[in-house]
Amino acid sequence: MSAKVYLVGGGPGAVDLLTVRAVRLLAEAEIVFHDALVPQAILALAPRAEKVAVGKRSGRHSTAQHFINKRLADAAQQHRIVVRLKGGDPLLFGRAQEEIDYLRAHGIAVEVVPGVTAAFAASADLGVSLTQRGLARSVAFVTPRVGAGEADSTWVQTVLAADTAAIYMGAGEALAISQALIKGGKPAATPVAVIENASLGAAVARGTLAELPQLAAQLSGGPVLILLGEVLRNAVSAAQRAKARRRLAR
Ligand SMILES: C[S@@+](CC[C@H](N)C(=O)[O-])C[C@H]1O[C@@H](n2cnc3c(N)ncnc32)[C@H](O)[C@@H]1O
């Protein structure tokens, strides 16, 4: 059987942000391995497929990943169209390379279908361009999270060098992020937006880098993306002015 494993981007959550190609593959799939963050409404687009949840939570690393790799390879022996559905874009913070390398090493064809990553959904929700003429010409995608046994990350230097930063998997470490960046030289007044559930009626908290821990504490447990940089200044000041007006009206 000429099977193929498709690594498909599930996007940030809204069903209508899936690509047409993703929708077609889900409809044709015989089996779908999906992450924890992929909503039920998206899985419903694969009515014929067996659904297998393989969501990894942080802290469970190589064994779980090896197990997923093997299950994908086994599925390719039994099914023609195997979909590995990942949140956002599969090639950003999704451990896709391990799956691609393993499958190719076992002679299994792999194709990647890109998806809308959380940073783009979050900036769309805010209506703020991550690059702006004369203000921001670079965007860094970073995470402070490193797996057990991995080398230290250079995320702090990367954020310091970029005009705009999108920080993934950082909400639980908001205090450490704020302290590390301020210590590294990023101004404490750098505008920050914390976006929870981007594309799904997002909740947004806006403020400064120094306020990041309080901003993150306002959110309620959904996936959270942190954006920071001067591009957010107008969005942050407008929110602060609105807050001040509400205070005066009371
Ligand atoms: C394991 S990473 C996967 C990122 C994914 N591959 C992407 O391109 O968006 C999971 C992190 O992405 C971010 N994320 C994913 N979906 C999100 C959403 N709808 N709103 C805000 N952040 C989101 C959060 O930082 C979350 O902890």
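Our structure's up above, just so we're on the same page.
A. Region of the structure containing the overall build of the chain. Broken down by element type, the chain carries nine helices and ten strands. Relative to its length of 250 residues, the chain is compact, with a C-alpha radius of gyration of 20 Å against a globular reference of 18 Å. Its C-alpha atoms give the chain principal-axis dimensions of roughly 65 × 40 × 35 Å. When each of the 250 residues of the chain is scored for burial, the buried share is 45%.

B. Looking closely at the side chain of Lys-86. Of note, Lys-86 is situated in strand 4 (residues 81–86). The class for Lys-86 is buried, based on a relative accessible area of 2%. Sequence-distant contacts of Lys-86, defined by excluding residues within four places in its chain, comprise Leu-7, Val-8, Gly-9, Gly-10, Gly-11, Asp-35, Val-38, Gly-94, Arg-95, Ala-96 and Glu-99.

C. Layout of the nonpolar core. Judged by nonpolar contacts, the single largest core of 22 residues is most densely connected at Leu-181, Val-192, Val-194, Leu-212 and Leu-228. At the level of elements, strand 6 (139–142), helix 6 (155–161), strand 7 (164–167), helix 7 (174–184), strand 8 (191–196), helix 8 (212–217) and strand 10 (224–229) are the ones that each hand at least two residues to this core. In this structure Leu-228 touches Val-159, Asp-163, Thr-164, Ala-165, Ile-167, Leu-181, Lys-186, Thr-190, Pro-191, Val-192 and Leu-209, once residues within four positions along its chain are discounted. In terms of nonpolar packing, the next biggest core, distinct from the first, is built from 19 residues, Leu-7, Leu-72, Ala-75 and Tyr-102 among them.

D. Seen up close, the side chain of Arg-84. Its place among the elements puts Arg-84 in strand 4. Of the residues examined, Arg-84 reaches a relative accessible area of 0% and is grouped as buried. Within the structure, Arg-84 has its side chain in polar contact with the side chain of Glu-99 (distance 3.1 Å). Aside from chain neighbours lying at most four places away, what touches Arg-84 is Val-5, Tyr-6, Leu-7, Val-8, Phe-33, His-34, Asp-35, Val-54, Ile-68, Leu-72 and Glu-99.

E. Examining the pattern of salt bridges more closely. Per the stated rule, a full pass over the model turns up ten salt bridges. Glu-28 is paired through a salt bridge with Arg-24; the nearest N and O atoms lie 3.8 Å apart. One end of the pair is Glu-28 and the other is Arg-24, both in helix 1 (residues 20–28) and four residues apart, which spans about a single turn. For Arg-24, a relative accessible area of 43% corresponds to the partly exposed category. Where Glu-99 meets Lys-86, a salt bridge forms, and the shortest distance between an N and an O atom there is 3.2 Å.

F. Fine view of the packing of aromatic side chains. Considering all chains together, one arrives at three aromatic pairs under this definition. Taking 5.0 Å as the distance between ring centres and 50° as the angle between the ring planes, the aromatic pair formed by Phe-93 and Tyr-168 counts as tilted. Residue Phe-93 is located in the loop between strand 4 and helix 4 (96–105), and its partner Tyr-168 is located in the loop between strand 7 and helix 7; the two are separated by 75 residues in the primary sequence. Summarising the aromatic geometry, the rings of Phe-141 and Tyr-168 are spaced 6.4 Å apart at their centres and angled 45° between planes, so their arrangement reads as tilted. You can see Phe-141 sitting in strand 6 and its partner Tyr-168 sitting in the loop between strand 7 and helix 7, a full 27 residues away along the chain. Judged by its relative accessible area of 31%, Phe-141 is partly exposed. Among the aromatic side chains, those forming a connected cluster through ring pairs are Phe-93, Phe-120, Phe-141 and Tyr-168.

About the criteria used
Residues numbered from 1 in each chain as written. Predicted model: local features only at pLDDT ≥ 70, side-chain atom pairs only at ≥ 80, totals over all residues. Heavy atoms only, no water. Helix = DSSP H or I, 4+ residues; strand = E, 2+ residues; numbered from the N terminus. Rg over C-alpha atoms; globule rule 2.2 N^0.38 Å. Buried < 20%, exposed > 50% of the residue type's maximum accessible area, 1.4 Å probe, protein only. Contact = heavy atoms within 4.5 Å. Core = buried A, V, L, I, M, F, W, Y, C linked by side-chain atoms within 4.5 Å. Polar contact = N/O pair within 3.5 Å; in protein donor to acceptor, adjacent residues only side chain to side chain. Salt bridge = Lys/Arg side-chain N within 4 Å of Asp/Glu carboxyl O. Phe/Tyr/Trp six-rings, centres within 6.5 Å; stacked < 30°, edge-to-face > 60°.

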